[in-house]
Every structure is written in structure tokens, then in C-alpha cells.
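# Breakdown of the fold
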Amino acid sequence: MRLTDTAAGLARPGLDAADAVDAFGARRHTHAHRLDVDLLPLLAEADLLDSPATWGSVTTRAGAFRLEPVRPGRDLVLLTAWMNDPEVAAYWELAGPAAVTAAHLRSQLDGDGRSIPCLGLLDGTPMSYWEIYRADLDPISRHYPARPHDTGIHLLIGDGTNRGRGLGTALLRAVADLVLGNRPRCTRVVAEPDIRNTPSVSAFLSSGFRCHAEIDLPEKRAALMVRERVLRNLL
């Protein structure tokens, strides 16, 4: 179809072909602008976790803490060493060669963004591993009454010298604050530590989480820990 044919088809009494082309262009521009506006909520939703890399840091009693998304080329050796620590391996079950840890990371990094593996840095030093995930989009949502944008966390403290001195409590509160401060649509932060891991359960309780229930997951019996936005300043 020639341009003049298209213009003629759009022409109406009192509008010549050139005017019709201008009108057609203007309509196309207006329609495209409207589509862009309509797509904005969908584009925002496409980032399922609101970019943890941009969340900044939070001050804790132990120093400045921040999350940094894992880069396997840089972090794999460190994370593999942590996964082979007997205290970590007892609950994460990822002990073994680097390929085991790499496969675990790849399942998240090659996914749709509903789970993001991160290093926890304290005063710039990597000392913990975190997984920030959309609990409402995760299989765990079949085991409790999930709400839209519930955000889950998994964690391990990598260096044994940082365990057993209350640091986990401070870090859990810091990460929950980062989630709630940067994900306005999230009303709850949730976690499901193994019920046998009493130090972990205790740390969650001390950091403002409450135990809502014990739930049976395929790999463990877990304590469903929840920190509510509405109680953020009270617990």
C-alpha cells in the first residue's frame, strides 16, 4: 500500500492528503504514549524484588551492613567454602565441590528474578549469604496463607567466628528493614528456618519476627517466622 493510499483512506472532507498524513502520525504518537503509560505498572512488576542492589546500607551495632547480588566469577570460591562448613552444611545440604554451589546459584540467576542470591557485607567485608525471594511466588506459598509481595529470606553466616554472639539478630533486623524500606508493596517479611535450628529461630524472635506456625515442607519441618510492616517500630 502506498503512503498516498493510506492518507487518502484517512482523509475526510476538508482534509488533504498531507494533513491526513500529519493526523495519522499524531495519532500514532499519542497511541504509543498511551501504551507506554499503560505499561509502566507492568514494567515495575517485572522487577519482582525492586532491585536489592540499589537498597543501600543500614547501620547496625556491628557496623554498616548492605546486600550485594552474588557474582559467581568473583564469589564462588568463598561461597563454596561456606557451604562446606559443617554447621552450614547440616541445614543447607550443599557441601561438595564448587559445581554444587554453582548449580544452586545458577537456578536463581538463570530464573525469572523471583529469588536473588546476595552477599551480606559488614563494613565492606563479605561475611554472610542471603537469598531474597518472593514468597508469594514460591512453592512455600502453598503451605501458608501468603499475601501479594510477601518477601522471604534465607541466610547463613559464613565465618564461624561471627556466630554465637548475637550478630544474627542484628543482621536479620537490618535485612528486614532493608526489605520493608525499599519494597513499599511488601507488608511482611517471612522466613522458614528448620525447627531444629534453635539458634536461628531464637535470632528471628529477637529481631522482631514472630512464629506464626510450624509447617511441614518437603525437606524439613520449619518455623514460619513473620515480621509485619505494621509492627516494624514496635518489635
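Summarised in this report is the structure supplied together with it. Note that this is a predicted model, so its numbers are computed, not measured. (Residues numbered from 1 in each chain as written. Predicted model: local features only at pLDDT ≥ 70, side-chain atom pairs only at ≥ 80, totals over all residues. Heavy atoms only, no water.)

### What about the pattern of salt bridges?
Applying the stated criterion across every chain yields a total of 16 salt bridges. Between arginine 134 and aspartate 136 there is a salt bridge, and its shortest N-O distance comes to 2.8 Å. Considered together, arginine 134 and aspartate 136 belong to a single accessibility category, that of buried residues. For aspartate 150, the salt bridge identified is with arginine 188, shortest N-O distance 2.8 Å. Residue aspartate 150 is located in the loop between β4 (125-134) and β5 (151-157), and its partner arginine 188 is located in strand β6 (residues 188-191); the two are separated by 38 residues in the primary sequence. Here aspartate 150 matches arginine 188 in class, with each residue buried. Shared partners join several salt bridges into a network, and the residues in it are Arg66, Glu68, Arg74 and Asp75. (Salt bridge = Lys/Arg side-chain N within 4 Å of Asp/Glu carboxyl O. Buried < 20%, exposed > 50% of the residue type's maximum accessible area, 1.4 Å probe, protein only. Helix = DSSP H or I, 4+ residues; strand = E, 2+ residues; numbered from the N terminus.)

### Observations concerning the environment of glutamate 93
Its location among the elements puts glutamate 93 in the loop between α4 (86-92) and α5 (98-109). Considered as a pair, glutamate 93 and methionine 83 are ten residues apart in the sequence and their alpha carbons are 7.8 Å apart.

### Brief notes about the packing of aromatic side chains
In this structure the tally under the stated criterion is three aromatic pairs. Summarising the aromatic geometry, the rings of phenylalanine 65 and tryptophan 130 are spaced 5.9 Å apart at their centres and angled 65 degrees between planes, so their arrangement reads as edge-to-face. Taken together, the positions of phenylalanine 65 in strand β2 (residues 63-69) and tryptophan 130 in strand β4 put the pair 65 residues apart, joining distant regions of the chain. According to the relative accessible area criterion, phenylalanine 65 is buried, its value standing at 0%. By relative accessible area, which is 0% here, tryptophan 130 ends up buried. Measuring from ring centre to ring centre gives 5.6 Å for tryptophan 92 and tyrosine 129, while their planes differ by 65 degrees; the resulting arrangement is edge-to-face. You can see tryptophan 92 sitting in helix α4 and its partner tyrosine 129 sitting in strand β4, a full 37 residues away along the chain. No difference in accessibility class separates tryptophan 92 from tyrosine 129, as the two residues are buried. (Phe/Tyr/Trp six-rings, centres within 6.5 Å; stacked < 30°, edge-to-face > 60°.)

### Concerning the nonpolar core
Ranked by internal contacts, the top residues of the largest apolar core, which has 32 residues, are Phe65, Leu67, Trp130, Ile132, Ile153, Val175 and Phe204. Elements supplying a minimum of two residues to this core: β2, β3 (115-122), β4, β5, α6 (167-182), β6, α7 (198-206) and β8 (220-228). If you tally residues by element for this core, the top one is α6, at nine residues. Membership of the second largest hydrophobic core comes to 14 residues, among which are Trp82, Leu94, Leu119 and Tyr129. (Core = buried A, V, L, I, M, F, W, Y, C linked by side-chain atoms within 4.5 Å.)

Remember, this is a structural readout, not a statement about activity or role.
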